Amino acid sequence: MSTQHYDSLVGKIRNRSAHVGVVGLGYVGLPLAVEFGKVGFTVTGIDVSEHKVDLINQGISYIQDVPTEEVAALVKAGRLKATTDFSAVKDLDTINIAVPTPLRKTKDPDMSFVVSASQSIADHAHPGLLIILESTTYPGTTDELIQPMIEARGLTVGEDVFLCFSPERVDPGNPNFQTHNIPKVVGGITAACTQAGAALYQQALETVVPVSSTRVAEMVKLLENTFRMINIGMVNELAMMCERININVWEVIDAAATKPFGFMPFYPGPGLGGHCIPIDPFYLSWKTKQAGIEARFIELAGYINGSMPHFVVDKVQNALNEQSKSLKGSNVHILGVAYKRDIDDVRESPALDIMHLLARRGATVTYSDPYIPSIDVEGTKHQSLPQDAAVAAADCVVIITDHKQVDYSSVVQNARLIVDTRNALKKFSDPKIFRL
Ligand code: SAJ
């Protein structure tokens, strides 16, 4: 059923005269704002950070996947500007919300950013506005949390205002998949909402996948990332089994990966890092627990992934023992602290846990990471040390993150003892190398 507001909104979307807004100008929001600007929309970015707003209005990008030239061109053309003032919403036709959804220490969802942004938007909501939440969250957020805020202002969702959820699938640094060519799932509170959301994305993105509701769209994202977290947990458990029965787990996985169908390789590691995979599944288990269903796979995988830092520290202690050294009093040097290779992000990185555990057992811990100049481990500041000297001086070197640019031949040559948690030394065979 279309209404005058729907027809007018979709008409402005289709001829790209719509004034588009994006709240949250991070690794999801800024690329999306630029994609909308590149196809001709006038875009207003809204962020609570004055620093980010200033940089964008100066035509400067602070997101690795968004070239500054693109931001500068859009700002110069008057098609992109940023502000901290939510009253800009009153002049917007559409608004995407891409703010953080972290976990609290209690593993409960921290919805404070979504609530704050949604309330600020609702304060200025008007007939004809399309609102799309993109932040990863539990199923039910859009209809239980946001819809009432809108309707409390006397606006009817599906007639005056159109409300959708669309999961973000941005994979920072991925050379093959960027915002414009990653299929976009979108589900609305009503069919008209879904159609309005799909119409917006169709202007800027190659593939749009409409689904029947906001809850389906919310659940799609959680399935995608829970799938990864559980499979990583499974191979981490396989690694612990293989160590116990003396099988090379890496060789097993590589051989299994030759199966051309029905298998997808995952690899053991020192633990689960990042701001998505260790976090998103607990949004699902939190919600289902409220519905009386225990998400046992998620809890078990969380336990196994969470135990990997201890498993690695035990391996370091046992490796030193093979050289008649105690962990206590030894110099242990960590290679790579980012949460995964070739990026500069340490959020939830298992390296931080491992460094803390090693220090607690009396080791002197240092690190080198070409992407991370300094880190704070439970209040202790560490600077990244020049690698060669630190490797040569260490009693044990631990490879936690296998950045491609590291010269592993020199590590093997100069280190007294190595624990490799990423199979970075796959090509080398030496009794001083201990693998996960
Ligand atoms: N990890 C393993 N073994 C694996 C894969 C990953 O231990 O086989 C570890 C990584 O070292 C890291 C953590 O898991 O610490 C997460 O790694 P990730 O490869 O899942 O990378 P993320 O956290 O950047 O996940 C993002 C996600 N993208 C979105 O949520 C939009 C995820 O859905 C992507 O599949 C993933 O990137 C990707 O494939 O790069």
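Since the model is a prediction, treat every value here as computed from it, not as a measurement.

Caption draft 1: Main features of the nonpolar core. By size, the foremost hydrophobic cluster in this structure holds 120 residues, and its most contacted members are Phe36, Val316, Ile334 and Leu358. Considering each element in turn, this core owes the most residues, 9 residues, to helix H11 (residues 296-322). In this structure Leu358 touches Val313, Val316, Leu327, Val332, Ile334, Ala363 and Val365, once residues within four positions along its chain are discounted. Core analysis: the next-biggest nonpolar cluster, separate from the first, contains 15 residues, Leu335, Val391, Ile399 and Val412 among them.

Caption draft 2: Geometry of the layout of surface pockets. Its boundaries defined by the atoms lining it, the largest pocket holds a volume of some 1,700 Å³. Along the wall of the largest pocket there are 47 residues; nearest its centre are Asp171, Arg228, Ile232, Ile277 and Lys340. Per-element tally for the lining of the largest pocket: the top contributor is helix H8 (residues 214-244), with 6 residues. Split by residue class, the lining of the largest pocket holds 22 nonpolar, 11 polar and 14 charged. Composition of the lining of the largest pocket by domain shows at least three residues from each of domain 1 (4-212) and domain 2 (228-435). As a volume, the second largest pocket reaches approximately 1,000 Å³. Lining the second largest pocket are 41 residues, with Gly26, Tyr27, Pro100, His275 and Arg347 sitting closest to its centre. It is helix H5 (residues 112-123) that contributes the most residues to the lining of the second largest pocket, 3 residues altogether. By residue class, the composition of the lining of the second largest pocket is 21 nonpolar, 9 polar and 11 charged. Summarising the domain contributions, the lining of the second largest pocket has at least three residues from each of domain 1 (4-212) and domain 2 (228-435).

Caption draft 3: Focus on the sheet that holds strand S15 (residues 433-435). One open sheet accounts for 5 strands, arranged S10-S9-S13-S14-S15; its pairing is parallel. With one partner strand each, in any of the chains shown, strand S10 (364-368) and S15 form the two edges of the open sheet. Geometrically, the sheet is characterised by an average inter-axis angle of 20° between neighbouring strands, direction not taken into account.

Caption draft 4: Structural context of helix H7 (residues 191-204). For H7, spanning 14 residues, the distance from its first C-alpha to its last is 21 Å, which sits close to the expected 20 Å at 1.5 Å a residue. Here H7 lies mainly inside the structure; 11 of its 14 residues are buried.

Caption draft 5: Spotlight on the pattern of salt bridges. Applying the stated criterion across every chain yields a total of 21 salt bridges. Notably, a salt bridge pairs Glu168 with Lys221, separated by 3.7 Å at the nearest N-O pair. Of this pair, Glu168 sits in the loop between strand S6 (162-165) and strand S7 (184-188) while Lys221 sits in helix H8; the two residues are 53 residues apart in sequence, bridging distant segments of the chain. Among the residues examined, Glu168 registers a relative accessible area of 6% and is labelled buried. Across the pair Glu224 and Arg169 runs a salt bridge, and its minimum N-O distance is 2.4 Å. Separated by 55 residues along the polypeptide, Glu224 in helix H8 and Arg169 in the loop between S6 and S7 bring together distant segments of the chain. Residue Glu224 is classed as partly exposed on the basis of its relative accessible area of 24%. Looking at Arg169, the relative accessible area reads 27%, which means it is partly exposed. Linked through salt bridges whose partners overlap, the residues forming this network are Asp143, Glu144, Arg215 and Lys287.

Caption draft 6: Structural view of empty space enclosed by the protein. A complete count under the given rule lists 1 cavity of 30 Å³ or more for this structure. When its volume is computed, the largest cavity comes out at roughly 100 Å³. Considering only residue class, the lining of the largest cavity consists of 7 nonpolar, 1 polar and 4 charged.

About the thresholds
- Residues numbered from 1 in each chain as written.
- Predicted model: local features only at pLDDT ≥ 70, side-chain atom pairs only at ≥ 80, totals over all residues.
- Heavy atoms only, no water.
- Core = buried A, V, L, I, M, F, W, Y, C linked by side-chain atoms within 4.5 Å.
- Buried < 20%, exposed > 50% of the residue type's maximum accessible area, 1.4 Å probe, protein only.
- Helix = DSSP H or I, 4+ residues; strand = E, 2+ residues; numbered from the N terminus.
- Contact = heavy atoms within 4.5 Å.
- 1 Å grid on protein atoms, 1.4 Å probe; cavity = no way out; pocket = protein on both sides within 12 Å on 5 of 7 lines; lining within 4 Å.
- Points joined across faces, edges and corners; volume = space filled by probe spheres on them.
- Nonpolar A, V, L, I, M, F, W, Y, C, P; charged D, E, K, R; others polar.
- Domains from an automatic or database assignment.
- Pairing = 2+ DSSP bridges.
- Axes fitted to C-alpha atoms, helices over the stretch in contact; angles between N-to-C directions.
- Expected span 1.5 Å × (residues − 1).
- Salt bridge = Lys/Arg side-chain N within 4 Å of Asp/Glu carboxyl O.

Read these as geometric descriptors, not functional statements.
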